[in-house]
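Residues per chain are reported as follows:
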Amino acid sequence: MEQYTVEQAAELLGLHVKTVRNYVRDGRLPAVRVGKRYRIARQDLAAFAGLPIRVPSAPRHAEVSSIVQIEGVSRQEMDRVSTLVVSSLTGRPHGLRVEFVYDEGRAHLKIVVLGGLEESAQVLRIIDALVKS
């Protein structure tokens, strides 16, 4: 059972803390006293307000892991692509990682991109443009 403090209830209802505390003391808003503080059950708060109480949710965090594989890449092309991609990261948010794995014998380049969705998408667009040119 989820419970709120008087302060949390006041914030959710858009009321002053003293107003909510008076409602509790008058018995208009059911609450349980725990030590020196009141706790208000979610369903009691919803019934008092006459509508469901929506609790603000924490912002979601999403990340992506991508591996770009490019065949037929010479050492010079790999150096060019890695240099341009790394230089494009200057000033980008921390937490975005790009790693390069090059197999010279197979002329095979793997680029590993780890980070936020939009930042990773920007890096992938840069890689796409470099591969096409």
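Residues numbered from 1 in each chain as written. Predicted model: local features only at pLDDT ≥ 70, side-chain atom pairs only at ≥ 80, totals over all residues. Heavy atoms only, no water.

Re the nonpolar core
Consideration 1: Leu109, Ile111, Val123 and Ile127 are the most contacted members of the largest nonpolar core, which has 16 residues in total.
Consideration 2: Counting only elements with at least two residues in this core, the list comes to strand E4 (63-71), helix H4 (75-88), strand E5 (97-103), strand E6 (108-116) and helix H5 (117-132).
Consideration 3: Apart from residues lying up to four places away in sequence, Ile111 is in contact with Ser66, Ile67, Val68, Ile70, Val81, Val98, Glu99, Phe100 and Ile127.
Consideration 4: Counting 11 residues, the second-largest nonpolar core is a separate cluster that includes Tyr4, Ala10, Val24 and Tyr38. (Core = buried A, V, L, I, M, F, W, Y, C linked by side-chain atoms within 4.5 Å. Buried < 20%, exposed > 50% of the residue type's maximum accessible area, 1.4 Å probe, protein only. Helix = DSSP H or I, 4+ residues; strand = E, 2+ residues; numbered from the N terminus. Contact = heavy atoms within 4.5 Å.)

With respect to the packing of H4 against H5
Between two packed helices, what matters for the description is the angle formed by their axes and the separation of those axes.
Consideration 1: Following both chains from N to C, one finds H4 and H5 inclined at 150°, their axes separated by 10 Å at the closest point. With respect to H5, the axis of H4 lies roughly antiparallel. Judged by the twist between their axes, the crossing of H4 over H5 is right-handed. Every residue of H5 that contacts H4 at Arg80, Val81, Leu84, Val85 and Ser88 is listed here: Val123, Ile126, Ile127 and Leu130. (Axes fitted to C-alpha atoms, helices over the stretch in contact; angles between N-to-C directions. Parallel < 35°, antiparallel > 145°, perpendicular 65-115°, else oblique. Left-handed = near helix turned anticlockwise from the far one by under 90°.)

With respect to the sheet that holds strand E2 (residues 32-34)
Each strand in a sheet pairs with another by means of backbone hydrogen bonds, the pair being arranged parallel or else antiparallel.
Consideration 1: The antiparallel open sheet is built from 3 strands, whose spatial order is E1-E3-E2. Every other strand in the sheet has two partners, leaving strand E1 (3-4) and E2 as the edge strands with one partner each.
Consideration 2: In terms of strand pairing, E1 meets strand E3 (residues 37-41) through 2 bridges, oriented antiparallel. In the strand pairing of E3, Gln3 is matched with Ala41.
Consideration 3: Relative to E3, helix H3 (residues 42-49) is tilted by about 75°, and along the sheet it contacts E1 and E3. (Pairing = 2+ DSSP bridges.)

Just distances and angles here, no functional claims.
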